[in-house]
Structure formats: structure tokens, C-alpha cells
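Structural description and commentary
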Amino acid sequence: MKKPFFTIIVVSYNPGKRIIDTIESIKKQTYDSYRVLVKDGMSTDGSIDMLREKYRFSADGKDAEGKMTLVESCDNGIYHAMNIAVSYLEEKIIDARGKDLDEQTDEVRILRAGEAPSYIYFLNCGDEFRDENVLQNVHDFIVSRQEKEGTTLPTIFYGDIFDQTTGNRIPSNPHIDDYACYRNVPSHQACFYDERLMFGNHFDLKYKVRADYEQFLRCFYREKAVTDYMGITIANYEGGGYSAQNKKISEEERKEIIKHYLTGSQIRKYDFLRVVTLARFRTFLDSNKVTSKGYNLVKNAIYNVRGKREDKKN
């Protein structure tokens, strides 16, 4: 069976009707080479019963169309649930390829020689794809980039998100460097990960709020992952989640994480820049419904100018 181009992982716990809205945004996509893995943490609100009934899941956790799998098990939060989903996916690939062994290592190959990777994307319950053409546009971008480069190096393809709280598009930094990693990397709702990166780099569960941030830095610095900005608005982001409600923990974890990837002199330099560029005031502008649109337009313009400079250097 041919491997789908995308694997979309949706984790849930008592999401109510939001899980249906999220799944429907996937099913409306014009590009259909995808599979969906729903990892539920044993919800008690009837949402999974609703899901089973609407999409006619069988006892083995497969939907009627054969594109969705439901995995139900207890977990310790969103990142643990994501790890469980990735492990389940990897185990299924290994089982399917159990006879495809490397003669020298006796290891199962996740990718056969000449085979293109699949891309893993996490869509939170309550979030939705921006429109019905997102997967088609992302697919076309990735394929064109692979044809141009002539290789499939482990890559994180990423775009922008639309913040439903403020009603504005949030642009991602188109060039990831040390300062970008210090300040602001793309949220996981903006990122499509080469499966090889996800299978080898699970989320570190000691981080309760910033595990996706640490995982991005680990892929970038230790795995030497390529980062490729697509300029596509990927998802409508619901906002108001655990990280937004725990800003103090978020900042404490950010400070701890960057010590593992940046030098002390870099951190001191970027701390100073953060103060003189009024980081707290900018955060207020970004989160305020009245000022968010103007702030992000200016931020996007700065990104574009910086991007053009980087392109000239390269």
C-alpha cells in the first residue's frame, strides 16, 4: 500500500464538538493523499462517541473510508499524547516493512532507497485548516522544492497561522537563524515535519509548555534539519491553550531550553536586544485585537526586507 504524503495527528481530551469541526476541515481538503491519526486521552464528554458515529469507526479503530485511525489511551497531556501517536505510527510502518531489513544492521528501513518521506502535521482540536486548498498548496511547494534541489534532506516546511482570537494572520520568520531560535520559532500548527525527524525526536516531556519549541531547536541544531518557509497560511489557530494560560512557566522553560543550544555570550546579547526592542510592549501589541493587525503587517514587512537581504547573500 502506497504511503500517503501527509499524516495528520489530532490529539484530544474532552474536546466536545470541536473535534468534528477539526476533522471536517481535513476532510474538505482538495488534496487527498493523507491519513488522520486521532489520539484521544479517554474522553468522558461523549465527543468520541460522536466521532465514532459520524465517521462509522469499526471496532479496530478504522473509519469507513479507511483514512482515519482512532487510538484511545490514557496520557499525561498534549505532548505525551503526541509522542504516543508518533510511536504508534512508527510501529505500524515497522510492522508493514518487517521483511525489509538492512542486511548489515538488521534494522527496518523507514525509507527505502529513492523513496520520498511522508510529512507529519499536528492539528489541535479546535484548530482548522485555513481553507480547502492548504494541503494541495503545501504538497505542490514541497514537490517543487524537492525537484529543484534534487534531494530530500530532512526538512521542516512551515508557513503562517491565523489567530482566531485577534482575527489576524501571524507571519512566521522566513529565515531561521540563532536569533530567530532565541526569539520565536514557528508554532507546531505551522509546521510539516519530515517523518524521519519526528520518529527520531520525540517531545521532551520534562517541558510542560515549551516541548514543541525544544523539539524544533533539537531538530535544527542537532539533526541539522533544513527549514523552508512556504508563505502559506496553514491553520486557523484557536488560541487560549495551556501555554497562553501559563506564561510564567512558558518563559521559565524558554530560558532553560536556550541554554542547551546557544552560548552564554549569544544569550546575553539577545537578552539585551530583547530589552531595547521593547519585547513586552510588542507582545502586548501582538495579542491586542485593536493593534494586532497593524503590528503583524509591520512585522511581515520587516521579515520581507530581511529575507531579501538573506537571498542576496546566498
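This section reports on the structure supplied with the text. (Residues numbered from 1 in each chain as written. Predicted model: local features only at pLDDT ≥ 70, side-chain atom pairs only at ≥ 80, totals over all residues. Heavy atoms only, no water.)

1. Examining the overall build of the protein chain
How we decide: Here a strand is any run of E in DSSP of at least two residues, a helix any run of H or I of at least four, and the numbering for each starts at the N terminus. Each residue is assigned to one of three classes by its accessible area relative to the maximum for its type, calculated with a 1.4 Å probe on protein chains only: buried under 20%, partly exposed between the two thresholds, exposed over 50%. Contacts between residues were defined by any pair of non-hydrogen atoms, one from each residue, lying within 4.5 Å. Areas reported here follow the Shrake-Rupley algorithm with a probe of radius 1.4 Å; residue values treat only the protein chains shown as occluding.
Helix and strand counts for the protein chain stand at 12 helices and nine strands. With 314 residues in all, the protein chain has 48% of them scored as buried. A separation of at least 24 residues holds for 77% of the contacts in the protein chain among residues at least 6 apart in sequence. With the model as given, the accessible surface of the protein chain reaches about 16,400 Å², and the carbon-plus-sulfur share is 50%.

2. What to know about the nonpolar core
To be explicit about the condition: In plain words, nonpolar cores are sets of buried Ala, Val, Leu, Ile, Met, Phe, Trp, Tyr and Cys residues tied together by side-chain atoms within 4.5 Å.
Of all hydrophobic cores here, the largest spans 43 residues; its most connected members are Ile9, Phe122, Ile156, Tyr193, Phe216 and Leu217. Those residues in contact with Phe122 that sit more than four places away from it in its chain are Ile9, Met82, Val86, His188, Gln189, Met198 and Phe203. Judged by nonpolar contacts, the second largest core, of 34 residues, contains Ile8, Tyr31, Val38 and Phe157.

3. Structural notes on the pairing of strand 6 (residues 155–163)
Note the following rule: If DSSP finds at least two bridges between two strands, the strands pair.
Judged by how many residues are buried, strand 6 sits mostly within the fold: nine of nine residues are covered. Sheet analysis places strand 6 next to strand 8 (residues 191–194), joined by three bridges and oriented antiparallel. From the neighbouring strand, Tyr158 faces strand 8, where its bridge partner is Cys191. Alignment of strand 6 against strand 7 (residues 168–170), held across three bridges, turns out to be antiparallel. Within strand 7, the residue paired with Phe162 across the bridge is Arg169. Between strand 6 and strand 7, which follow one another and run antiparallel, lie four residues, and Gly167 among them has a positive phi close to 75°.

4. Describing a nonpolar patch on the surface
To be explicit about the condition: Only residues whose relative accessible area exceeds 30% and that form no salt bridge are eligible for patches; like-charged ones are grouped when within 9 Å, while nonpolar side chains (Val, Leu, Ile, Met, Phe, Trp, Tyr) are grouped when within 5 Å. Should a side-chain nitrogen of Lys or Arg be within 4 Å of a carboxyl oxygen of Asp or Glu, the pair is scored as a salt bridge.
Taken together, the side chains of Phe272, Val275 and Val276 present a nonpolar region at the surface, about 320 Å² in accessible area. Mapped onto the secondary structure, Val275 falls in helix 10 (residues 264–276). Val275 gets classed as exposed once you look at its relative accessible area, which sits at 61%.

5. Overview of helix 4 (residues 134–149)
In an α-helix, one turn spans 3.6 residues; hence positions three or four apart end up facing the same way. Here is the rule we go by: How far a helix is expected to stretch is found by multiplying one less than its residue total by 1.5 Å. Within this analysis, the arc is defined by the directions that extend from the helix axis to the C-beta atoms.
The terminal C-alpha atoms of helix 4 lie 22 Å apart, and with 16 residues this matches the ideal 22 Å at 1.5 Å per residue to within 8%. Considered for burial, the residues of helix 4 that qualify are Val134, Leu135, Val138, His139, Phe141, Ile142 and Gln146. Down the axis of helix 4, the buried side of the element spans an arc of 165°, and every buried residue falls inside it. Pointing more than 90 degrees away from the buried face of helix 4 are the exposed residues Glu147 and Lys148.

6. A look at the packing of aromatic side chains
Note the following rule: To pair, rings of Phe, Tyr and Trp, with the six-membered ring standing in for Trp, must have centres within 6.5 Å; the planes then decide the type, stacked if under 30 degrees apart, edge-to-face if over 60, and tilted in the middle. Lysine and arginine charges are scored as sitting over a ring when NZ or CZ, respectively, is within 6 Å of the ring centre and within 35 degrees of the ring normal.
On inspection of all chains with the given rule, the structure shows 17 aromatic pairs. Ring geometry for Phe5 versus Phe6: centroids 4.9 Å apart, planes at 75°, classification edge-to-face. The exposure class of Phe6 is buried, given its relative accessible area of 0%. When the ring of Tyr221 is compared with that of Tyr261, the centres are 5.8 Å apart and the planes differ by 20°; the resulting orientation is stacked. Here Tyr261 lies in the loop between helix 9 (247–258) and helix 10 and Tyr221 lies in helix 7 (residues 211–221), a separation of 40 residues in the sequence. In this structure Tyr221 comes out as buried when scored by relative accessible area, which is 16%. Here the aromatic cluster, defined as three or more aromatic residues joined through ring pairs, consists of Phe5, Phe6, Tyr31, Tyr119, Tyr121, Phe129, Phe141, Phe157 and Phe192. The residue whose ring lies beneath Lys67 is Tyr34, and the NZ or CZ to ring-centre distance is 4.3 Å. Lying over the aromatic face of Phe162, Arg130 brings its terminal NZ or CZ to 3.9 Å of the ring centre.

7. Details of helix 9
An ideal rise of 1.5 Å per residue puts 16 Å on 12 residues; helix 9 measures up with 17 Å between its terminal C-alpha atoms. Within helix 9, the full set of buried residues consists of Ser250, Glu253, Arg254, Ile257 and Ile258. Angular distribution of buried residues about the axis of helix 9 spans 125°; they occupy a single face of the element.

8. Quick notes on the packing of helix 7 against helix 9
Defined as follows: Helix axes use the C-alpha atoms of the stretch in contact, all axes being lines fitted to C-alpha atoms, and the angles between their N-to-C directions lie in the range 0 to 180 degrees. The labels follow the angle: roughly parallel below 35 degrees, roughly antiparallel above 145, roughly perpendicular from 65 to 115, and oblique for the rest. Definitions for this section: a left-handed crossing has its near helix turned counterclockwise from the far helix by less than a right angle. A right-handed crossing has that turn clockwise. The classification used treats Ala, Val, Leu, Ile, Met, Phe, Trp, Tyr, Cys and Pro as nonpolar, Asp, Glu, Lys and Arg as charged, and all other residues, Gly among them, as polar.
Their axes nearest at 10 Å, the elements helix 7 and helix 9 cross at an angle of 20°. Between helix 7 and helix 9, the angle is such that the two are roughly parallel. Considering only the axes of helix 7 and helix 9, their crossing is right-handed. Here Tyr213, Glu214 and Leu217 of helix 7 lie close against helix 9, whose contacting residues are Arg254, Ile257 and Ile258. Residue composition of the contact of helix 7 with helix 9, by class: four nonpolar, no polar and two charged.

9. Section: the pairing of strand 2 (residues 34–40)
So the rule is basically this: When the strands point away from the viewer and the connection leading from the first strand across the helix to the second strand turns clockwise, the crossover is called right-handed.
Summarising burial for strand 2: six of the seven residues are buried, a large majority. Relative to strand 2, strand 1 (residues 6–12) runs parallel, the two sharing seven bridges. By the bridge assignment, Phe6 is partnered in strand 2 with Tyr34. A crossover links strand 1 with its parallel partner strand 2, the connecting element being helix 1 (residues 18–27), and its sense is right-handed. Strand direction decides the pairing type here: strand 2 and strand 3 (residues 68–72), joined by five bridges, are parallel. By the bridge assignment, Val36 is partnered in strand 3 with Met68.

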